[in-house]
Amino acid sequence: MASGVPDEPVEGRQGHYAGAVTRLVAFGADVGASWGLFTVGAAALTFSIQLVTGAKFSLTGHQLASLIALAVWEFLYFAYQWSLGGKTIGMAVLGIRVVRTDGMPIGPRQAVVRTLTLPLSFLLLGLGFIGILLNRDRHALHDRLAGTVVVYSWDARAARLRWLARQDTGAAA
Amino acid sequence: MPGTGRLEQLAQAVAERVVTLVLDSIDMDELLSRVDVDAIVSKVDVDGLIDRVDVDKIIDRVDVEKIIDRVDVEKIIDRVDVKKIIDQVDIDALIEQTELGTIIARSTSGVASEVLDVVRAQGVGLDDFIARWVNRVLRRSSTDWPVGPPALVGQPPPAPELTTGDR
């Protein structure tokens, strides 16, 4: 585990534009988390309906409704969390957050616009994400439309201190 | 003798008048310009002079408390670049030499935080790796690019170092 944190002095990265890999992994974690929560919710709903009505009920028989519910859920999952603290569960795990282009916290309007325009980046064959690699401020298409950027909120320097402290404690033991 | 006293007074008055007239007629600037100050100073035995000064006696007379009271400490602190001082501190050595490391470890020894640190550090390392290769392929330099939004990083530093995950 000790090999995870670099031995060399670490420059603090808080506030720096986050890179593609971190953002991709965070998004993957969010997709997993949101789908997991949706599945649990759907199962709970199915169970509740069966409990109340006594009839057998399955969401697979209501595909359109399930699709709409999923879309609404995904919208709420991202928009609510972004408007609340600028980060989703996946982003919190990876230590990144969404802010305005000037660095200030985003508001509900920008959170909603970012959530609504996020699918656009996928619909253009993923080209909407290419800006993360090519732009100087690592803007994806939905970032540009919402006026947001993604930055590291993780304090690398503090992490290194913790790592050094563990090494020190390990050596003492 | 009463006549002698009057004569002395007259002589005194004449002497004062003469000295005043002589001094008025002298161009002091001209006189000073002719004086070779360096030559005079070179003749002065400064070391001998200092040896004769009782520094302890002078210091004893100095009211240090009064001087300190007159110092505006806040003004001095305002002038101190704390960030620069902190940057100069060898934190690694500090942790090794003190119990600070143990304290930090105790407060943040959770396995979860350790895993998170590792995952995040690896992520940042891969981000830098990808960014370096993209810049290499596009034959461009990102050294003068802003590293983050102005409100979070201030003015962009001249050349951001890629330190995390470089190994």
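Every value quoted in this text rests on a predicted model; they were computed, and no experiment measured them.

Calculation notes
- Residues numbered from 1 in each chain as written.
- Chains lettered and ligands numbered in written order.
- Predicted model: local features only at pLDDT ≥ 70, side-chain atom pairs only at ≥ 80, totals over all residues.
- Heavy atoms only, no water.
- Phe/Tyr/Trp six-rings, centres within 6.5 Å; stacked < 30°, edge-to-face > 60°.
- Helix = DSSP H or I, 4+ residues; strand = E, 2+ residues; numbered from the N terminus.
- Buried < 20%, exposed > 50% of the residue type's maximum accessible area, 1.4 Å probe, protein only.
- Lys NZ or Arg CZ within 6 Å of the ring centre and 35° of its normal.
- Core = buried A, V, L, I, M, F, W, Y, C linked by side-chain atoms within 4.5 Å.
- Contact = heavy atoms within 4.5 Å.

(A) Inspection of the packing of aromatic side chains at higher detail. As enumerated under the stated definition, the model contains seven aromatic pairs over all chains in all. Ring centres of Phe78 of chain A and Trp82 of chain A lie 5.3 Å apart, and the angle between their planes is 45 degrees; this geometry places the pair in the tilted category. Residue Phe78 of chain A and its partner Trp82 of chain A are both found in helix H2 (residues 63-85); the two are separated by four residues, about one turn of the helix. Its relative accessible area of 3% is what places Trp82 of chain A among the buried residues. An aromatic cluster of three or more residues is present, and its members are Phe27, Trp73, Tyr77, Phe78, Trp82, Phe122 and Phe129 of chain A. Over the ring of Trp82 of chain A we find Arg114 of chain A; its NZ or CZ atom is 4.5 Å from the centre of that ring. The ring of Trp133 of chain B has Arg136 of chain B sitting right over it, with the charged end atom 4.7 Å from the ring centre.

(B) Representation of the nonpolar core in the model. By size, the foremost hydrophobic cluster in this structure holds 19 residues, and its most contacted members are Trp82, Met91, Ile96, Val98, Val150 and Trp154 of chain A. Contributing elements (two or more residues each) for this core: H2, helix H3 (89-94), strand E1 (96-100), helix H4 (108-123), strand E2 (148-152) and helix H7 (156-172) of chain A together with helix H11 (111-137) of chain B. Element by element, the count of residues in this core is highest for H2 of chain A, at three residues. With near-sequence residues (within four places) excluded, Ile96 of chain A lies in contact with Ala18, Thr22, Arg23, Ala26, Lys87, Met91, Val150, Val151, Tyr152 and Ser153 of chain A.

Honestly, it's all geometry; don't read function into it.
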